[in-house]
Every structure is written in C-alpha cells, then in structure tokens.
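The lines below spell out each chain.
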Amino acid sequence: MTEANVTSVVPNDEGKEKFKKSEHVAFYRRQIQGPNRLYRALLDSLVLNVNGAQFELLETDIQTKLLLILSPCKNDTIRILIDELVPIKARYRVKDVITAEPQSERVRVEKQTKDSVILSWSTGRYQARIWCFPFHIEILCEDEVIATFNPKNKLWFETLQDPKRAASNTTEEDGNALWKETFRQFVDYKTNGPSSVGADLRLHGFSHVFGLPEHADRLQLRDTRDDEPYRLYNLDVFAYALNSPFGLYGSVPFVLAHSSNRTLGAFWLNASETFVNIHYSITSTDKDESIPPVKKRRTQPHTDLHWLSESGVIDCRILLGPQPKHIFSQYAQLTGYQSLPPLFALGYHQCRWNYDDEADVKYVDAGFDLHNIPYDVIWLDIEHTDGKRYFTWDPVHFPKPIELQRHLQRKKRKLVVISDPHIKLDPDWPLFHEALGSGHFVKDRGGQIFKGSCWPGESCYLDFSNPATRAWYSRCFSLNNFQGSTSSLFVWNDMNEPSVFDGPEQTMPKDAVHSGGWEHRDLHNLYGFYQQMATAEGLLTRSGGQHRPFVLSRSFFAGSQRFGAIWTGDNVATWDYLKISIPMVLSLSVAGITFCGADVGGFVQDPDPELLVRWYQAGALTPFFRGHSAKETNRREPWLFGEEVTAAVRNTIQQRYQLLPYWYTLFYWAHTMGQPPLRPLWVEFPAEEDTFTMDNEYMIGGALLACPITDPGVQQVQVLLPSSEEIWYDVQSLKVHKGGRTVILPVTMDTVPVFQRGGTIICRSTGSGSCSEDFQKLPLSLTVALNSQEFAEGNLFLDDGYSFRYHDTKAFSLHSFKMDSGRLCSRPFSEEGSFDSNTVIQSITIIGLKRKPSSVVVNVSGIEERHAFEFAESCCVLTLDNLNLKVVKNWDIHIGPH
C-alpha cells in the first residue's frame, strides 16, 4: 500500500516528498559508488591487553591509519571498535546506551603466519582469524566460520579534516560539496567535512534476518539490492507508507539472523543517520539454473549486511547466541533490560486528541463504568495545556486538574498528559526564561539559540543530550514545579524525533549544536531516547524513588526499553495498517523494545465497526494496549457503535484483564532475563523452517499462540500450529489439535484465534472489575494444558504492582506450577523472594487428560482432602472449583489413578 490519502495534522505538510531517499544523501552515494578502499592489517602492530587485542589498519592508497580494538567478552559477544589512529579531534561515541561494558576475555595467539593471526580465548570454542590483506576478520565457532567482518572490502572511514587546511575549491559531487550539502531549500554545513563510516558483515549459513525497527514492513527484512536500503533516521512521518524501508520515529541498529541450528546478532552502535543494505545469497543461488542440484545443496547460504553511517566511529557488536533466548539475554546485558512496568500500565488506555475539558474526561470515565468495560488510564493531548506550554493547564477547560486526578484516583485510575521537547518561545513564561538562562536549549551553527516551528508556533528545543538539562527537566515534574499534578499523573513524550515543522525533513538541522560542541548529526537518533530517560527520572524522583514510572515515547533508540513504552505512531484506520501493526511490534520486540503497541482503531480516519472490533482484539494481544484517535476523527468510545460492538469490545478488554497475571509474569521475565513477551514463532520453534517467514501469527510468552484477524468479512482463517511434537488447545473451545499442520478455523466477530501450547500452565484472574487494581484482588484460575506425556508447567509473579520493593527488599512471590505423573504441585520458583499475598487459586482446569480420574486429593500443609471434580469425556477436560488455595503456599493435587 502507498501512503494513505489523508490530510495531515501538521500545518503546511507537503507529503512524503519532504523526506530523503538514499539518492539524496551524499555520504551514502560516496560509499556505494566507491571505489572500495583496501586496508591492510599491520600484524606487527598487534598488542594484547585487558580489553582484548588491538592493531593498526593502513589504507593502501591514501595511507590513512586506523586503530582497531577487538574485544571478545564473557557473555559471548565480540566488539569491533575502529577509530582514527590520530584524529584532529575526538569523534562522537554513543554514550548512555550501553549500561555496562561486558567483561573482556583474555586473548591469546593460537597461530600466526605472515598472512593472518588466529586469536583464541576461554575454552577456545570461539576464535577470530585476522587476515592481513585485504583486511578482514573471520569469527569461528569450533573451526567453522560463522561471521566475517569486511568480506567485500566495504570498510569506509572518512577522517575528520581541518577546514582551514581543506582546499578552497572542494570538488563537488553530484552538485553537493563535501563541506556543504543541499536538500530542497535546506543547506547543511559540515564543520569537519565528510565524516562517514561504513562496514560490511557476512553472516554464514543464514537466509533470514530480522530487526532494524522502526519500519512499516514485514517481519523478515527484505533483500535491498533492487530497492531502497533500510534507513535509520528518526522522523515524524504522518500516515507513513506501508511495506517500506524508509525510516520512522525510532531506530534500533540491531539485526538478528536465524537458521534452524543457530541464531546470531549484529549491533551497530551509531546514533547518526544510518543505512543498512541486506543481500541474501540464497536468492540468486536458487534461481541460477547453471548450478547443478547437488552443488546447490552444498552451497551454504549467507546474508551480507552493509552498514553506512554519517559520522561517529565503527562500534560493531556480534552476539554469538547460539539460540534466540541467548541473543535476547546478550543484547539486554548490553543495552539494558525492559523496565518492569507498574501493573496498571498493562491495562487498557483510553486516549484522544483531545478530550474537550474536565467534564468530558469525567463523562468518558463514567461511560466505561456504565458499560461495564474496565480501563486504567485516560490521556490528555496538547490541548490540555495553556497555549501549548507544557507543565501548564488550560485555565478555561482544565481549571481544576488536581480535583480531576483525585476523581480518577478514587476509582483507582490514572491520568497521562503529554510533554513534548519543544518549548514555546515566550519570554514571559518562567519555564522558558529559566531554560534560556541556564543554557538548556540546542543552538544553531552560529552559536545562537536554535528556533523552529512546532505546535506552539516558534519554539526552542531542549538539549536532552546534556546531563544538566536532563536533571533540570526531571525536576520540572516535581509536585511543586508542575502545578496541578499529583502522584497519579504520568507522562507521554511525543514529537521527540525531534519534530520541527519548518526543518529539513521536518526535523532539526544536522548542523545544530548540542552540549560539548557535538553536532546534531552525531546524535540525532538519541534525541527521543534522552527525553524519555529524563522524563522517567523525573517521575522516579517525584516519588522519592518509591514508585515505578510510566512514560510513553514516540521516538526511541537501542536501550529505550529501560525507560518505558513506545508506540508505532500516526497510523491510519485501514485494514492494511492493522495488518502491518503485527510485524511492526514483533520487529520491535526482537530488538529489545518489548513494551510496544499500535494505536487501536487507527490514529487518523474513522474505522468501520468491524475494523474497530478486530483492532481491539489484536491490540489486546499486544503489550501496550491503547485506543487513540486524532481530533478530526469521530468520537470513538467503545459504546458509540451499537450494543453488538460494545459487547465485543467489552469481552475483548475483559479477557485482557483476566490475562494480566500472565502478562505481568512475562514482563518480569523480560525485566530479569531479557526475554520478550511477544515472540515470532521461530523464537519458540527455532528448527521449524516454515515459521521463519510467518508474521501474522506470534507467541505470547511460551504458552499462547495468537493469530489476530486482520481482514474484513472473513468466516474462516488458516492457522499454522508449529511442530509435530506439540499439542495445541483452542482457548475458546478447548478442542485439541496436533501440531505440525495448518488448521482451518471457522470464525465469527467474537472469535480471536488463540491456542494454548500443550505442556504449559497459565494463570488468569476470575470475575470482573473496573481496573487492574480490582483484578489484582480477584481469585485466580489455572489452565493446565497437558502435552503428550501429560506434563505441564508454568509460573506466576506477584508483588504490589507499583513499587520497587520487589527489587529492594525482595518483596515478591515467584511460584512455579508443575504437573507430572498425575500430580499438580505449587512450589517457589527459587529461594529468593517473599511476599504476603492473600491471592488464591479458586479453580483449575486440566485439559488433555486421557481418562477420567478415580479421585482428586488436595494436600495443603500435610492435610489431605478429597475434592469434588467434573470431567468432560468428550473433550478430556477436568474441572476443579472452590479450591481456595493460597498462591504463596505450597500445595499438591493428586489426580487419582485412571
């Protein structure tokens, strides 16, 4: 689908022609058009130290020297860092993204010749072979090459130059000087001339790669040889084009390569504009009729990645896996683990640009109660402020914000307000005056305060890359400084790419200057990352470190998972946008941004009732679940479309709330182990090749397979149930299906195809409530789905749902449930953690029992009691009710001999 034919909400928006293609970017043209520069590794310069090995590289033509540091690390990652040997000034290196450099391994020389040197470490399972000329590095696992750095001599490193020494008649390239680049009416002045870097990486044995969010594209990354490269450059792209490699709101320069026997990761730590080309060898090999069939089978596939960035250094991390779960853990160790959200943040969020006034907010809030639809958070967009001044309230429409928040608080609900990075240029506004006086704004290339246009009109932009600015901004969220706020108010960072209506590509000029003299080009993709960091720290400080923040951001970078949630931006109310939302959130999830979702219903245009219901059903099966719409759209509260739609949406949202114990447990594992709650099928079934290209189905944790309906008018759907060794149970009908096949499922408007995997146990809340805090107090049910060996296991994480006591004082419960040989047991997952909870298991459903049991005996604290049960022989389902088993206690249930 091409870009939607919609009217932009941005004044004077001229459409997609305002954004560059690769042909418009001088550094990309220079690198692609070459010629390739040949480097020689000076092996006699090799030095081994505590960080690994370092040696010099010599460019054979212009005699440029670079310094390469190779650092194998104890978490099975390898870092390749390349910088100028003697730069005229320091080049930008990304800070604050890597949470802690992993401990380096001690490197030893295994073998050396005049042509190469083999380095080994630890047990010797992995090795690096450095070839002298042409320079390249092979990464070996047990003597097999699994990755090669610089296999096609794409290494590119433009050294910084002194403009005073540069020739005054710089040769122009395609009409653009190396020191000045023009796009439309915008001129980009390059203080140090061309400074781009690039490198290629071959991943051996792989023909499927994933990651590189954010793009509105399928899950498996496309071969770019006949198309545009993937672009990583954070931009405010309204109603973005679909099936496109163009950049959107956020960037994570991280790729996962997967095959049936190995998974690798590649992380390119660079925050400047970046392009990635992907070439699959298997594409051409399969089509080449001249290659005999036997030879084809022996030809190992590979995937070539080519990274090209405008500035900075080359900092490439190779994550060695070997399985998906290892990659996720290795990546989280580098960039940080997903923050554990407060429980309410996993509930349903209701948002609109904009609710009119306080009475409107109360009306919508009451509507959810009237129609018995649970929700947790209502949101306010920019119109709640006094003239688009953030940290203020419109005195006419929102005159009593504290009373409004207290009204919601009494119902255990929250309010979220927006806070964008642009500050209205208003000398009479104390906040603007303070920011100006303290030097907190980005400057232009001439040293003056940079001014651009956004929602308030002429605005200045906070320099979040400056730690002092972040600290000042964080203090703005204190209850004293943010008048009208309470502890139940949370924050939404929007427009933070940053969006500049009158800027090049509707963003900040690259030659704007940040703290430390760094140009905006060096750190553009970090801007939103830093604002979300400052906002999260502000809410954390506001609570005295007691309460977990909730912050949603539109722009992001690697590591943003530490600060909150993101969403996929300004989508459109069409079926195609619903369909693309699934691979978009899956791509985010595998790249560490696991608390993510898309605007339910589409941000612009009006969905028909069927699309709205299907979008709610899909959104309820993603981590971040928010309905949101633009101000030009018709009102969209769930009860405005007739009782049939209201009932369908109510049922969907209630099912989401009943599943909150499972979602919350998944986020605990994301927070502690780096495992994403949402997973492509290949993550759970790494050897099943028919899952590698699937992006309309996915796993929620390891237990649930979801296949949301994303087409209109369908009466049946096809669902692939992976692995012939698995058993799958339809969650609605409890019907059993063998894996390793595609099933055809009849559907109605109430049907959401979800299957529970045999061998798993899932917790749900029973009953109903109006918000997550109500559901937190409800009894639980267990659904035990047996595999072919009549075995199943699962776990449940409980804490207070909002504080850091789970971490600081280990005030949490992590219990494991296991059924084996007819006995269902509840035990602590580990010795760590203690939490006094009255939560009980009220009912248990066991599906997949082969015969009716003779008895059921419940054992609690050594006291055994027979318990009544029901068994439906037609579907092999055993049901136990009225159990009242405390979650935090040990207990056993013995299912008597058949």
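Note that this is a predicted model, so its numbers are computed, not measured. (Residues numbered from 1 in each chain as written. Predicted model: local features only at pLDDT ≥ 70, side-chain atom pairs only at ≥ 80, totals over all residues. Heavy atoms only, no water.)

S.K.: Give a description of the pattern of salt bridges that names residues and reports values.
M.R.: Under the counting rule described, the total for this entry stands at 55 salt bridges. Between E637 and R635 there is a salt bridge; the shortest N-O distance is 3.3 Å. On the accessibility criterion, E637 (2% relative accessible area) is buried. Given the relative accessible area of 26%, R635 is considered partly exposed. Among the salt bridges present, the one from R805 reaches D800, with a minimum N-O distance of 3.0 Å. Given a relative accessible area of 17%, D800 falls into the buried group. Where salt bridges share partners, they join D188, R231, E273, E310, E505, K510, E519 and R521 into one cluster. (Salt bridge = Lys/Arg side-chain N within 4 Å of Asp/Glu carboxyl O. Buried < 20%, exposed > 50% of the residue type's maximum accessible area, 1.4 Å probe, protein only.)

S.K.: Tell me about the sheet that holds strand β31 (residues 565-567), and name the residues and values.
M.R.: Ordered in space as β32-β31-β30-β29-β25-β24-β23-β33, the 8 strands form an open sheet in which the pairing is parallel. Two strands in the sheet have a free side with no partner beyond their single neighbour: β32 (596-597) and β33 (625-627). (Pairing = 2+ DSSP bridges. Helix = DSSP H or I, 4+ residues; strand = E, 2+ residues; numbered from the N terminus.)

S.K.: Pulling in residues and values, what's your account of helix α1 (residues 26-33)?
M.R.: Extensive coverage of α1 is indicated by the burial of 6 of its 8 residues. When we look at burial in α1, the residues that qualify are A26, F27, Y28, R29, R30 and Q31. Of the residues one or two after α1, G34 is the one with positive phi, at around 70°.

S.K.: Can you explain the packing of helix α8 (residues 467-475) against helix α10 (residues 527-542)? Please cite residues and give values.
M.R.: Think of two packed helices as two axes; the pair is described by the angle between the axes and how far apart they sit. The contact between α8 and α10 brings their axes to 8 Å, and the two run at 45°. Relative to α10, the element α8 is oriented oblique. Our pair here, α8 against α10, has a crossing hand that is right-handed. Residues R470, Y473 and S474 of α8 touch α10, and the partners they reach there are Y530, Q531, M533, A534, T535, E537 and G538. A breakdown of the residues in the contact of α8 with α10 according to their chemical character gives 4 nonpolar, 4 polar and 2 charged. (Axes fitted to C-alpha atoms, helices over the stretch in contact; angles between N-to-C directions. Parallel < 35°, antiparallel > 145°, perpendicular 65-115°, else oblique. Left-handed = near helix turned anticlockwise from the far one by under 90°. Contact = heavy atoms within 4.5 Å. Nonpolar A, V, L, I, M, F, W, Y, C, P; charged D, E, K, R; others polar.)

S.K.: How would you explain empty space enclosed by the protein if you had to name every residue and give the values?
M.R.: Counting across every chain of the model gives 6 cavities of 30 Å³ or more. Considering only enclosed or pocket space, the largest cavity measures out at about 130 Å³ in volume. Along its surface, the largest cavity is lined by 17 residues, and W353, W455, D494, M495 and F603 are the ones closest to its centre. Classifying every residue of the lining of the largest cavity by side-chain character gives 10 nonpolar, 1 polar and 6 charged. (1 Å grid on protein atoms, 1.4 Å probe; cavity = no way out; pocket = protein on both sides within 12 Å on 5 of 7 lines; lining within 4 Å. Points joined across faces, edges and corners; volume = space filled by probe spheres on them.)

S.K.: Quick rundown of the nonpolar core? Include the residues and the values.
M.R.: Core analysis: the biggest nonpolar cluster contains 169 residues, and F267, W455, L526, F550 and I700 have the highest contact counts within it. No other element matches the 10 residues that helix α11 (residues 575-590) contributes to this core. Those residues in contact with F267 that sit more than four places away from it in its chain are V97, I98, P253, F254, D315, C316, R317, L319, Y331, L334, T335 and A558. Counting 54 residues, the second largest nonpolar core, distinct from the first, contains I78, I137, L203 and V255. (Core = buried A, V, L, I, M, F, W, Y, C linked by side-chain atoms within 4.5 Å.)

S.K.: So what's going on with the pairing of strand β48 (residues 856-860)? Which residues, and what values?
M.R.: On any regular strand, side chains alternate: one points to one face of the sheet, the next to the other face. Counting buried positions along β48 gives 4 out of 5 residues, so the element sits mostly inside the fold. Note: β48 against strand β53 (residues 891-895), 5 bridges, orientation antiparallel. Note on β53: the bridge partner recorded for V858 is I893. Pairing geometry for β48 and strand β49 (residues 863-866), over 4 bridges, is antiparallel.

S.K.: Describe the environment of S329, with residues and values.
M.R.: Structurally, S329 can be placed in helix α4 (residues 324-335). Taking the C-alpha atoms as reference, S329 lies 38 Å from I88; in sequence the two are 241 residues apart.

S.K.: Got a sec to walk through the confidence of the model for the protein chain? Specific residues and values, please.
M.R.: Residues with a pLDDT of 70 or more make up 96% of the protein chain, whose mean pLDDT is 95. Segment residues 171-176: pLDDT under 50, and 11 contacts once partners within four positions in sequence are set aside and those in other chains are kept. Predicted confidence for residues 283-288 stays below pLDDT 50, and this span has 6 contacts to residues more than four positions away or in other chains. (pLDDT = per-residue confidence, 0-100.)

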